[in-house]
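What the coordinates show
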Amino acid sequence: QVQLVESGGGLVQAGGSLRLSCTPSERTFGSYYIGWLRQSPGKEREFVAAVNRSGGTTYYTDSVKGRFIISRVNAESTVYLQMNSLQLEDMAVYYCAASRRSPFSAFYLDPRQYESWGQGTQVTVSS
């Protein structure tokens, strides 16, 4: 496992922007896929975005394409989720998660595939 800390959540009006950060709490030599997943009250945790080990490939759920951008400089650097044009349905606790493995195609869509999780950061969207 790798220890992860999320930050950047807060209160924003619909149409506004936030940038979330996912930072390892200690230096590691491992290389991980990093995902952002979110959970709203009464709902299951769902995939939002992911980035591969090098940062060169990104993945998004359809509902955030064109609005959110996940990025990383290298495997050990902070991973960001830039969230633009936020909508009420984006309101959730956002979790950063890491997977050392990439066992099958689109594995990153499944929250159960991630071995390490941050504590979450709350994103609240108001109308």
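Residues numbered from 1 in each chain as written. Predicted model: local features only at pLDDT ≥ 70, side-chain atom pairs only at ≥ 80, totals over all residues. Heavy atoms only, no water.

What about the state of the cysteines?
Each disulfide consists of a covalent bond between the sulfur atoms of two cysteine residues. Heads up, the rule is: The definition used for a disulfide is geometric: two cysteine sulfur atoms within 2.5 Å. Elements are defined by DSSP. Helices are runs of H or I of four residues or more, strands are runs of E of two residues or more, and each kind is numbered from the N terminus. Under the scheme applied here, a residue whose accessible area is under 20% of the maximum for its type counts as buried, over 50% as exposed, and between as partly exposed, the area being computed with a 1.4 Å probe on protein chains only.
Applying the stated criterion to the full structure yields one disulfide. Covalently, C22 is tied to C96 through a disulfide, its sulfur atoms 1.7 Å apart. One quick way to see it: the torsion about the S-S bond of C22 and C96 is about -70°, and its sign makes the bridge left-handed. Taken together, the residues C22 in strand β3 (residues 18-24) and C96 in strand β9 (residues 92-99) connect sequence positions 74 residues apart. For the pair C22 and C96, one class covers both residues: buried.

A short note on the pairing of strand β5 (residues 46-51)
We count it as follows: Here, any two strands with at least 2 DSSP bridges between them count as paired.
Here β5 lies mainly inside the structure; five of its six residues are buried. Here five bridges tie strand β4 (residues 33-39) to β5, and the two strands are oriented antiparallel to one another. Counterpart to L37 in the pairing with β5 is F47. The turn linking β4 back onto β5 is made up of six residues, and G42 within it adopts a positive phi angle of 80°. Strand direction decides the pairing type here: β5 and strand β6 (residues 58-60), joined by three bridges, are antiparallel. Looking at β6, one finds that A50 is bridged to Y59. Turn length for the β5-β6 hairpin, with the two strands adjacent in sequence and antiparallel, is six residues, and the turn residue G55 shows positive phi of about 90°.

These values are about where atoms sit, not about what they do.
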